[in-house]
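Residues per chain, in single letters:
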Amino acid sequence: MAAAALLLASSAPGALAQETEGNPHGSFAGDADCSACHTSEGWTPAREDSDFDHDAQTVFPITGVHSDLGCESCHLGLRFAEPKLTGAECATCHVDVHRGSLGPDCTACHTTDSFLTAEAGDPHVRSAFPLTGAHQVITCESCHVDDVGGDFGPLDAECISCHQDDFELAMFVDHVAGGFSTQCTDCHSIVAWRQAPVFDHPTAANGYELVEAHASLACESCHFRPGPGVRFAPLDQNDCIACHQNDFDKEHAGSGFPTTCLDCHNQSDWDAAFDHNQAGFDLVGAHSSLGCESCHSPVDNALLYPAPAAQDDCVACHQDEYDTQHTGPGFPTTCQDCHSVNTWSGASLDHDAQFFLINTGKHAPQWQTCEDCHTDPGNFAVFTCFTCHKHNQNDTDSQHENEPGYVYQSSACLSCHLQGLN
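Note that the structure is predicted; figures quoted are calculated from it, not measured. (Residues numbered from 1 in each chain as written. Predicted model: local features only at pLDDT ≥ 70, side-chain atom pairs only at ≥ 80, totals over all residues. Heavy atoms only, no water.)

Here we look at the overall build of the protein chain
Along the backbone of the protein chain there are ten helices and two strands. The N-to-C order of helical and strand elements in the protein chain reads α-β-β-α-α-α-α-α-α-α-α-α. Within the protein chain, the proportion of its 422 residues that are buried is 21%. Here the contacts in the protein chain between residues at least 6 apart in sequence split such that 42% fall between residues at least 24 apart. (Helix = DSSP H or I, 4+ residues; strand = E, 2+ residues; numbered from the N terminus. Buried < 20%, exposed > 50% of the residue type's maximum accessible area, 1.4 Å probe, protein only. Contact = heavy atoms within 4.5 Å.)

Quick look at the packing of aromatic side chains
Using the criterion set out here, one finds one aromatic pair in the structure. Each ring, one from Phe386 and one from Tyr408, has its centre 4.5 Å from the other, and the planes form 10°; the classification is stacked. Taken together, the positions of Phe386 in the loop between α8 (351-354) and α9 (393-399) and Tyr408 in the loop between α9 and α10 (410-416) put the pair 22 residues apart, joining distant regions of the chain. For Phe386, a relative accessible area of 24% puts it in the partly exposed group. (Phe/Tyr/Trp six-rings, centres within 6.5 Å; stacked < 30°, edge-to-face > 60°.)

Things to note about unusual backbone geometry
The omega torsion across Thr44 and Pro45 is -5°, close enough to zero to call that bond cis. Along the chain, Pro45 turns up in the loop between β2 (28-29) and α2 (54-57). In the Ramachandran plot, Asn206 falls in the positive-phi region, its phi being about 55° despite a non-glycine side chain. Among the secondary structure elements, Asn206 is positioned in the loop between α5 (201-204) and α6 (241-252).

A look at α6
For α6, with twelve residues, the first-to-last C-alpha span of 12 Å runs short of the 16 Å given by 1.5 Å per residue. Looking at the residues trailing α6, positive phi occurs at Gly254, about 75°. (Expected span 1.5 Å × (residues − 1).)

Examining the side chain of Gln267
Mapped onto the elements of the fold, Gln267 is located in the loop between α6 and α7 (315-325). Classification of Gln267 as buried rests on a relative accessible area of 18%. Engagement of the side chain of Gln267 in a polar contact is seen with the side chain of Gln237, the distance being 3.2 Å. (Polar contact = N/O pair within 3.5 Å; in protein donor to acceptor, adjacent residues only side chain to side chain.)

Quick notes on the state of the cysteines
Here the structure, examined in full by the defined rule, presents zero disulfides. Just so you know, Cys90 is unpaired, no disulfide at all, and the nearest cysteine sulfur is the one on Cys106, 4.2 Å from it. No disulfide involves Cys314; its nearest neighbouring cysteine sulfur is the one of Cys335, lying 4.6 Å away. With relative accessibility at 15%, the residue Cys314 sits in the buried group. (Disulfide = S-S within 2.5 Å.)

Here's the deal with the confidence of the model for the protein chain
On average, residues of the protein chain score 79 in pLDDT, and 87% of them reach the 70 mark or higher. By mean pLDDT, the top-scoring element of the protein chain is helix α4 (residues 159-168) (91), and the lowest-scoring one is helix α1 (residues 2-9) (36). Across residues 1-19, confidence stays below pLDDT 50; counting only partners more than four residues off in sequence or on other chains, it has 62 contacts. (pLDDT = per-residue confidence, 0-100.)

With respect to the environment of Asn394
The residue Asn394 is located in helix α9 in this model. Distance in space between the C-alpha atoms of Asn394 and Tyr408 is 9.5 Å, their sequence separation being 14 residues.

Here you go:
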C-alpha cells in the first residue's frame, strides 16, 4: 500500500487514481502494486529494496541530503498524495532566510547537498549591486553586518553608505575639509581606494593637468596630508618654477638662465630639450654626446673656455690640443682644414693636393704613420726623406754631382722632387 501511495503522490499526469479501502496512503495510481514496497509477511516493516523509483516515477528526484530522509519527513502521515512538488519548489518545505530578496528559486545558488554552501552561482549577479573589483574578495558579512542566519537583505548601493569612515578618515587627503563629493566613484575606482583615475585634477587645481612624469606622483608629493593644502601652487601648466625652485637654484644659480623651464626641459624628465644652436653654436658630431659640464661650469653655467666666435672657431676651446700637437710653425688654427667635428684622429687633410703625393704614386705603399716622415710630433714642418731613402751621403753625392745647388738635406730633396715623381 505504501508503494501504491508513493506512486500516486507524484505519478505522471493522467494516471488513473483510485482510493483503496483502508489504504493509509490516500489516493494512488491505478496500476500501483503494493508488493513494490510491502511483503506478504506483513505491512510493516516496508521492504528496504523497494521497487519504487522516486526519481523516474515522480517529478521530484531524490538527491543530496534528501536521500537520507524517511518518507514521513515530507509525506506527513504517509499520505503520499501530498506534497506534489517540483525540484525548484524548495520554499514549500524550507523557510527562505533571505525573505525573498534573492528570488524564489533556491537552486539558483544552492544545491541539495547543503544550504550552507552556495556553489551554483553568485546571487549578486541578479541583484542591483553586482560584485566587481575589490568587492569580489570580501566576505558576505563584511557588508551584511547584521546578517542573522543568512538573511542577506538588500543594502543601500551608494559607496558612502558603507565607506563613511573611509571618507571621513582619509589618510592622504582630508575629504571633509576639502569639500569632496560623497559620490566616491567621481574620483575612485572599485579596484582600490588609492586609485583615483576619474578625479578631475584640472578642475580642482585651476587647470593644472597631471601629465607625463607628474601623472605617477603620489598626492602627498604636492599636497600636505591629511589637509587639503598644497605644498606648491603653480599659476598654470607652464609655471614649473613654482614647484622646482630648488632644482633651478641647484643647477642654474647665477647662470642667467630664465625660469621658464619648458624652454629647455620637458614634463617627462629633466633631460633638456634645449636648442643649443640658439646660443650660436650647434652641437654636432662629437659635441652632441658631451655633457653640459664639459664646456660649462656645473655651478653657475659659466663657460670653461672662451666663447667660440663661430661654429668653426675650434681653437677657442681646443687651444691645448693645438699646442700639444702643432707647436711648430706653419699650421693654421683653422682646425677643420685637417680635422672633422667627429674625431681628432683620422685627420681629413688632403696631403696630396696641398703638399706632397703620399697617397698616390710610388710613395703610397712606403709609409704607415705620419711619424715615418715627420720626426718632430710638435712640428709637422720638420720632415725627413731618409727614413725610406737610406742612401749614404757619398752615394747620394755621386748621384747628384752635376746638379747645381745640391746639398744632402731633405728640404733640398723636396725643392727638386716637388711631387716625388722623379
